[in-house]
Amino acid sequence: MILSVRDICKSFGAKRVLDSVSFEALAGKPLGLLGRNGAGKTTAMRIIMGMLSADSGEVLFDGRSTPCDIPLGYLPEERGLYRKSKIGEQLVYFARLRGMDFAAAKLAVRRKLESFDVLQYIDSTPETLSKGTQQRIQLALAMINDPEILILDEPFSGLDPVNSMQLKSIIRDYAASGKTVIFSSHQMSSVEDFCTDIVIINNGSVALSGELSEIRSGMQTDRIFIETEGDFSGIIEKYGSASASGRGYTVELADKNLSGAMLSELISLGAVITKFETVKPTLEEIFISCVGEEAVSV
C-alpha cells in the first residue's frame, strides 16, 4: 500500500507554506518527515488527515482519495488528554468519535490498554501518571481504531531511554504488520534508528527524499575509519585530524582524495590494517546539508 502526496500547494494569505510538495510513504517502511520549525511539516500532515484542504494537488492511498474511508491515527506533539478525567472514560469517548458504538469502544479500549501494558490505569487520571505512562496511553488512543495510516509528531519527546525503546518497538511492530507510519521529529537519532525512508522539507519544498540507507551511501564524506595492528597514529595524523574511536581512529581528512595515499603509506610501512572504511554521514549531517547550519539550534 502506498500513501502518495502529489504536488501539494498551500498558502495562508500571502505566505506560501507548501510549494508543490510530493512524496510517498510505503506500508511497512516508516517515513521520517523532517524540517525546521515552520518548514511546513505540520501543514502537510494536516492535509493528509483532511484537517486542511490543499490549494492544489492531491493525497491518494492506493490510488484512492484520502481520508474519506481510510482509518487514520494521529499523535500530536501537544498532547490531548484531559488531566482530571479517567483514562477509560476519555478513550471510550474518543473511540466513539471515530465511529465505534459504545460496546465496541469499551472493548477496544480495554484491549488496547492491555496491549500497551497500561490497563491498570484505566480508572486513573492523567495528572497522577508519569510522562512515559501518559505517552503510552496517548499512543494507545492514536491506534485505538487500528489505523491504516499512523501519523506521529514528536512521539518520543521527553521520554527516558527505556520508555522510548519500548514505544519504538510497539510502533516498529505496527509498521511491520503492513501499516503506513509517518514520523516527524527533531530528534535525529530517533529518526535514524526508526525510519526506513525520509523526506526533508525546507521552506515549503522537498529538499531531499528517499531511502535513508541509499542517501547515506550516496553522500561523499571526508571521514575514514581505520583500524591497525600497532600504533601508526603519527602517520595517520599527517593526513588529517584523528580521534580515537573504538579500537581504531576516525580521521577527518584534510582532502578527501588523500585516503588512497594514506592507505599506501601505511601498507608500505608494514601496517596490518584490519579495517579501512568511509564513515557514512549521520542523519543530522544530511539534514544540515539540506537546510543550512542554522538548523543545529532547532
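Provided above is the structure to which this section pertains.
In this text the structure is predicted, and so the values were computed from the model without any measurement.

Here we come to the packing of aromatic side chains. Counted under the stated rule, the structure contains five aromatic pairs. Ring centres of Phe-183 and Phe-194 lie 5.1 Å apart, and the angle between their planes is 45 degrees; this geometry places the pair in the tilted category. In this pair, Phe-183 is assigned in strand 8 (residues 180–184) and Phe-194 in helix 6 (residues 188–194), connecting sequence segments eleven residues apart. Through a chain of ring-to-ring contacts, the aromatic side chains of Tyr-82, Tyr-93 and Phe-94 assemble into a single cluster. Lying over the aromatic face of Phe-156, Lys-168 brings its terminal NZ or CZ to 5.6 Å of the ring centre.

The subject of this paragraph is the environment of Arg-136. As for its position among the elements, Arg-136 is in helix 4 (residues 131–142). For Arg-136 and Pro-161, which are 25 residues apart along the polypeptide, the C-alpha to C-alpha distance reads 14 Å. If near-sequence neighbours (up to four positions away) are discounted, Arg-136 is found in contact with Phe-116, Asp-117, Val-118, Asn-163, Gln-166, Leu-167 and Ile-170.

Ranked by internal contacts, the top residues of the largest apolar core, which has 46 residues, are Leu-34, Leu-91, Leu-113, Ile-137, Leu-139, Leu-152 and Ile-198. Ignoring sequence-local partners within four residues, the contact set of Leu-113 consists of Ile-87, Leu-91, Val-118, Leu-119, Ile-122, Ile-137 and Ala-140. Membership of the second largest hydrophobic core comes to 25 residues, among which are Ile-8, Leu-31, Ile-48 and Ile-182.

Located in the positive-phi region is Asp-117, a residue other than glycine, with phi close to 60 degrees. By secondary structure assignment, the location of Asp-117 is in the loop between helix 3 (102–115) and helix 4. Phi angles above zero are rare outside glycine, and Asp-146 is one such case at about 45 degrees. By the element assignment, Asp-146 lies in the loop between helix 4 and strand 7 (149–153).

Right, let's talk about the sheet that holds strand 12 (residues 240–245) for a bit. In space, the four strands of this open sheet follow the order 12-13-11-14, with antiparallel pairing throughout. Because the sheet does not close on itself, it has two edges, and the strands there are strand 12 and strand 14 (272–278). With strand direction ignored, the average angle separating the axes of adjacent strands in the sheet is 25 degrees. Taken together, the six bridges between strand 12 and strand 13 (residues 248–253) define a ladder with antiparallel strand orientation. Its bridge partner lying in strand 13, Ser-241 is registered against Glu-252. Helix-sheet contacts for helix 9 (residues 259–268) involve strand 11 (223–229), strand 13 and strand 14, and the interaxial angle to strand 14 is about 175 degrees.

Scoring rules and cut-offs
- Residues numbered from 1 in each chain as written.
- Predicted model: local features only at pLDDT ≥ 70, side-chain atom pairs only at ≥ 80, totals over all residues.
- Heavy atoms only, no water.
- Phe/Tyr/Trp six-rings, centres within 6.5 Å; stacked < 30°, edge-to-face > 60°.
- Helix = DSSP H or I, 4+ residues; strand = E, 2+ residues; numbered from the N terminus.
- Lys NZ or Arg CZ within 6 Å of the ring centre and 35° of its normal.
- Contact = heavy atoms within 4.5 Å.
- Core = buried A, V, L, I, M, F, W, Y, C linked by side-chain atoms within 4.5 Å.
- Buried < 20%, exposed > 50% of the residue type's maximum accessible area, 1.4 Å probe, protein only.
- Pairing = 2+ DSSP bridges.
- Axes fitted to C-alpha atoms, helices over the stretch in contact; angles between N-to-C directions.

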